[in-house]
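Survey of secondary and tertiary structure
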Amino acid sequence: MGIITETDILELFVDVVGLNVKGTRITMLLEDEPGKLFGVLKVIKEHNINVISVISPTLTFEGKRMVVVRMKTHEYEGVVQKLEKAGYEIMNVTKWPSM
């Protein structure tokens, strides 16, 4: 071990967030209630898609919590449609790296 540098911290952040893996990022607002995230992950599982990362800052918008899910696919349309049909509020969908 030794001194932890800014580069070490950035490399860890990139790994934890999953930025080194191609996929799709879905940003949504969820009610801050038990089971809401489970419902999102269940839909992703039903489409047989692996999750790269899930991040949920403590930041809230109108009582809802922001959640960012990165999935290991660029074929996200079915997941987004099913989430929207189930009442989930999708804020943004982005392919990474952008195509």
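Just so we're clear, the structure is a prediction, and the values are computed from it rather than from any experiment.

Rules used in this analysis
Residues numbered from 1 in each chain as written. Predicted model: local features only at pLDDT ≥ 70, side-chain atom pairs only at ≥ 80, totals over all residues. Heavy atoms only, no water. Helix = DSSP H or I, 4+ residues; strand = E, 2+ residues; numbered from the N terminus. Buried < 20%, exposed > 50% of the residue type's maximum accessible area, 1.4 Å probe, protein only. Contact = heavy atoms within 4.5 Å. Lys, Arg positive; Asp, Glu negative; His and termini not counted. Charge placed at Lys NZ, Arg CZ, Asp CG, Glu CD. Polar contact = N/O pair within 3.5 Å; in protein donor to acceptor, adjacent residues only side chain to side chain. Core = buried A, V, L, I, M, F, W, Y, C linked by side-chain atoms within 4.5 Å. Salt bridge = Lys/Arg side-chain N within 4 Å of Asp/Glu carboxyl O.

**Topic: the overall build of the protein**
Check the secondary structure of the protein and you find three helices and five strands. Helices and strands appear in the protein in the N-to-C order α-β-α-β-β-β-α-β. Its C-alpha atoms give the protein principal-axis dimensions of roughly 50 × 30 × 20 Å. Here the protein holds 99 residues, and the buried ones make up 29% of them. When contacts within the protein are restricted to residue pairs at least 6 apart in sequence, long-range pairs at least 24 apart make up 69% of them. Charge-centre separation for the protein: the mean point of 12 positive side chains lies 8 Å from the mean point of 13 negative side chains.

**Digging into the environment of arginine 65**
Among the secondary structure elements, arginine 65 is positioned in strand 4 (residues 64-71). On the basis of relative accessible area, arginine 65 is assigned to the partly exposed category, the value being 23%. The sequence separation of arginine 65 and valine 14 amounts to 51 residues, and the corresponding C-alpha distance is 22 Å. Among residues more than four places away in sequence, those in contact with arginine 65 are Met28, Leu29, Leu30, Asp32, Ser56, Pro57, Thr58, Leu59 and Thr60. Within polar-contact distance, the side chain of arginine 65 engages the backbone oxygen of serine 56 at 3.1 Å. Only 2.7 Å separates the side chain of arginine 65 from the backbone oxygen of proline 57, close enough to count as a polar contact.

**Structural notes on the nonpolar core**
In terms of nonpolar packing, the biggest core is built from 16 residues, with Met28, Val40, Met71, Val79 and Leu83 touching the most fellow members. Apart from the residues within four sequence positions on either side, valine 79 is in contact with Ile26, Val43, Ile44, His47, Ile49 and Met71.

**Things to note about unusual backbone geometry**
Across the junction of tryptophan 96 and proline 97, the peptide omega takes the value -15°, indicating a cis bond. Unusually for a residue other than glycine, asparagine 48 sits at a positive phi of about 55°. Considering the arrangement of structural elements, one finds asparagine 48 in the loop between helix 2 (36-46) and strand 2 (51-55). Positive phi values are uncommon outside glycine, yet glutamate 62 reaches one of about 50°. With respect to the element layout, glutamate 62 can be found in the loop between strand 3 (60-61) and strand 4.

**Quick look at the pattern of salt bridges**
In the structure shown here, the tally under the stated rule is four salt bridges. Its salt-bridge partner being arginine 65, residue aspartate 32 comes within 4.0 Å of it at the nearest N-O pair. One end of the pair, aspartate 32, is in the loop between strand 1 (23-31) and helix 2; the other, arginine 65, is in strand 4, and 33 residues separate them in sequence. In this structure aspartate 32 comes out as exposed when scored by relative accessible area, which is 51%. The shortest N-O distance in the salt bridge between lysine 82 and glutamate 46 comes to 2.6 Å. Taken together, the residues span a long stretch of sequence, with lysine 82 in helix 3 (residues 77-85) and glutamate 46 in helix 2 at a distance of 36 residues. In this structure lysine 82 comes out as partly exposed when scored by relative accessible area, which is 40%. One salt-bridge network, in which partners are shared between bridges, spans Glu31, Lys64 and Glu89.

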